[in-house]
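The primary structure of each chain is shown beneath.
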Amino acid sequence: MTTIDPTHLRLLTMVPAVLLGVAAVVATVWLAAHVVRYLLADAEIRPAIRVGWRIRYSWRRTAVRVGLVQTEHVRPPSWSSRPQTVVVRRELVPAVRVRARRWGVEVDASTVGRLGLVEFQHAAGHLADAWRVPQVRVAQVRPGLVRLRALLVDPLTQPTAWDGQTTTADHLETWSAGVDADSQPVTIRSSGVSGVVVAGLAGFGKTSLLNARFCQLAPSPAVQFVLIDGKGGPDYDDLFVRAWLAAKDDPEQVRDHLVRVHELMTGRQRCIRAVLGVKNVWHVGPSASWPLVVVVIDEAHTFFNESKGTDVESKKRDAVARQTARLVEELVRKGRNVGIQVILATQKATGDAIPTRIRDNCQVAVSFAQRTSEAATAVLGSDITGFPDEHPRRLQDPAYIGVASMVAEGRPGFTLVRTPYVSDATADRIAADTAGLVRDPLRLLADAAGATPPSDEDREGGGSFRQEHPAALPASSPPTSGEELRR
Ligand SMILES: Nc1ncnc2c1ncn2[C@@H]1O[C@H](COP(=O)(O)OP(=O)(O)OP(=O)(O)O)[C@@H](O)[C@H]1O
Ligand SMILES: [Mg+2]
């Protein structure tokens, strides 16, 4: 029989005490690191750090309580001493990574089995109660990863200002709309887009968003504007200097401008292959000689109001509204490949305000705050009901002025975007500085096709671009000419 040396015995009895000591040192260092990090942090972020601790250390218990747990029945692992016939019950809780942010706590959770975006969305209210925060927002970052935002302060409520970016070719292809809740830039597709609807309650930032787009595009010679302000107020007065065509709330003038844009569209349709060598301008990109024509119609509903009266004046107004609606519909349906883009802003995007045949053909939709689900669905489509966090009804608080819900480029579902505020002074200065870039796209087209455009007298006298310049514009006649629409 072997005997243990008393010295070894003494050492062996010390092992638990040593392990305990090491564990105590590690715990103390770890705690000290946390305390030091906390003390070094800004006073602003400390509440978020405290909530982060609470979330991290109670996560397993909270997840089980709010139903974010998946139970499965499995055989014991092969190395277990239990017989393989036994069935073991296992509870799977999504793994989380917790980070304190200035606005609250960001919790990245891995999806598990049937626990995905929808289950987290359903649990969001309970998580907010458990974590004692005003709101928890849920979004899918990528397959397998859901991001929860426990908001102490909603980052989207922090206004941002236009940073004075100057134009790049990129702005023609994509529209920098603003930043998301993580301050990441959000873009909207512009290339190949012929129709955009911007809707929202009065005073929530529609015109400011259009101003921002104007400021992005105005310095580019590859863009010409048609600016129409249905409000008839001074909002656009100083921007008109950078516009090829401009009008306020005079329905007949607006109709006539749209007839000219329509004429441009049909002229371009006939010439595009001969001039650009392609069937779609977006394959080569807009240029100074073939500019993107952006038609902004603010308070667009003003021009689609059909009058029901039977007196002569009402009938005349009704006829103009119908012509305007038909012109806009054609521009949205057919303007895409020739570089014509119509942006309609309206307080109401329901069918009684904007004809559905126009609204539903717009490829891009942006909604600021809305009072009703119907109004939100009218702009963004019925899919928005599946995104309660991004629903425009949640944006009715004045803190969300300038925040819009939209389908952004390269992102699944809907995204809430803080749009930059552009002061009138900035937009006016950019318009004045770039006023020299205004050109008549009809003339540019005629020049490119080797002919001159019709004069105003020609137009008044019933002559059309095609009839006057048969050589420039091949014979294939468009389905609806500007002249027909004017009638
Ligand atoms: N992105 C923004 N950030 C901060 N404040 C904004 C923003 N956009 C607009 N505002 C504020 O809201 C006010 C109203 O904005 P804007 O004129 O763009 O609203 P609107 O939706 O066009 O309203 P209406 O339907 O009455 O024309 C602005 O004067 C400005 O003070
Ligand atoms: Mg406005």
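Residues numbered from 1 in each chain as written. Chains lettered and ligands numbered in written order. Predicted model: local features only at pLDDT ≥ 70, side-chain atom pairs only at ≥ 80, totals over all residues. Heavy atoms only, no water.

### Focus on the domain arrangement of the protein
- With domains assigned, the protein is organised as domain 1 (43–153) and domain 2 (169–486).
- For domain 1 versus domain 2, the separation of C-alpha centres amounts to 45 Å.
- Contacts between domain 1 and domain 2 engage 10 residues on the former and 10 residues on the latter.
- In this assembly, domain 1 packs against domain 2 so that about 770 Å² is buried in total across both faces, 33% of it on carbon and sulfur atoms.
- Together, Gln121, Arg137 and Arg149 form the three largest contributors to the area buried by domain 1 at its contact with domain 2, with a combined 55%.
- Linking domain 1 with domain 2 are zero salt bridges. (Domains from an automatic or database assignment. Contact = heavy atoms within 4.5 Å. Buried area = accessible area lost by both parts, 1.4 Å probe. Salt bridge = Lys/Arg side-chain N within 4 Å of Asp/Glu carboxyl O.)

### Observations regarding the packing of aromatic side chains
- Under the definition given, this model contains five aromatic pairs.
- With 6.2 Å between their ring centres and 75 degrees between their planes, Trp30 and Tyr57 make a pair best called edge-to-face. Taken together, the residues Trp30 in helix 1 (residues 6–40) and Tyr57 in helix 2 (residues 46–65) connect sequence positions 27 residues apart.
- Residue placement shows Arg46 over the ring face of Tyr38; its charged tip is 5.4 Å from the ring centre. (Phe/Tyr/Trp six-rings, centres within 6.5 Å; stacked < 30°, edge-to-face > 60°. Helix = DSSP H or I, 4+ residues; strand = E, 2+ residues; numbered from the N terminus. Lys NZ or Arg CZ within 6 Å of the ring centre and 35° of its normal.)

### What about the packing of helix 6 (residues 251–276) against helix 11 (residues 441–448)?
- Direction vectors running N to C along helix 6 and helix 11 enclose 25 degrees, while the axes themselves pass 10 Å from each other. Relative to helix 11, the element helix 6 lies roughly parallel. Our pair here, helix 6 against helix 11, has a crossing hand that is left-handed. Counted together, Arg260, Glu263, Leu264, Gly267, Arg268, Cys271 and Val275 of helix 6 and Pro441, Leu442, Leu445 and Ala448 of helix 11 form the full contact between these two elements.
- A breakdown of the residues in the contact of helix 6 with helix 11 according to their chemical character gives seven nonpolar, one polar and three charged. (Axes fitted to C-alpha atoms, helices over the stretch in contact; angles between N-to-C directions. Parallel < 35°, antiparallel > 145°, perpendicular 65-115°, else oblique. Left-handed = near helix turned anticlockwise from the far one by under 90°. Nonpolar A, V, L, I, M, F, W, Y, C, P; charged D, E, K, R; others polar.)

### Considering the UniProt feature "transmembrane region" (unreviewed entry) in the protein
- Here, UniProt's "transmembrane region" (unreviewed entry) annotation points to residues 12–33.
- Within the segment residues 12–33, helix and strand shares are 100% and 0% respectively, and the terminal C-alpha atoms sit 32 Å apart. (UniProt positions renumbered as here; feature names shortened; annotations may be inferred.)

### A short note on the site of ligand 1
- Around ligand 1, the structure places 17 residues, and the nearest of them are Gly203, Lys206, Thr207, Ser208 and Lys231.
- Gln347 is positioned such that a nitrogen or oxygen atom in its side chain is 2.9 Å from an oxygen atom of ligand 1.
- Between Thr419 and ligand 1, the recorded distance is 2.9 Å, taken from a backbone N or O atom to a nitrogen atom.
- Here ligand 1 occupies the second largest pocket.
- Among the elements that line the shell around ligand 1, the one with the most residues is helix 5 (residues 206–217), at three residues.
- Broken down by class, the residue content of the shell around ligand 1 amounts to six nonpolar, seven polar and four charged. (Near = heavy atom within 4 Å. Polar contact = N/O pair within 3.5 Å; in protein donor to acceptor, adjacent residues only side chain to side chain. 1 Å grid on protein atoms, 1.4 Å probe; cavity = no way out; pocket = protein on both sides within 12 Å on 5 of 7 lines; lining within 4 Å. Sits in = over half its atoms within 2 Å of the grid points.)

### Let's talk about the side chain of Asp229
- Note on placement: Asp229 falls in strand 10 (residues 223–229).
- Within polar-contact distance, the side chain of Asp229 engages the backbone nitrogen of Lys231 at 3.1 Å.
- Residues in contact with Asp229, not counting those within four places in the same chain, are Asp235, Tyr236, Ala247, Lys248, Asp249 and Asp298.

### Considering the pattern of salt bridges
- Within the structure shown, the criterion is met by 25 salt bridges.
- With a closest N to O distance of 3.2 Å, Lys334 and Glu330 form a salt bridge. Pair noted here: Lys334 and Glu330 are both in helix 7 (residues 312–334), with a separation of four residues, about one helical turn. Neither Lys334 nor Glu330 differs from the other in exposure class; each is buried.
- Within the structure, one salt-bridge network assembled from shared partners comprises Arg99, Arg101, Glu106, Asp108 and Arg147. (Buried < 20%, exposed > 50% of the residue type's maximum accessible area, 1.4 Å probe, protein only.)

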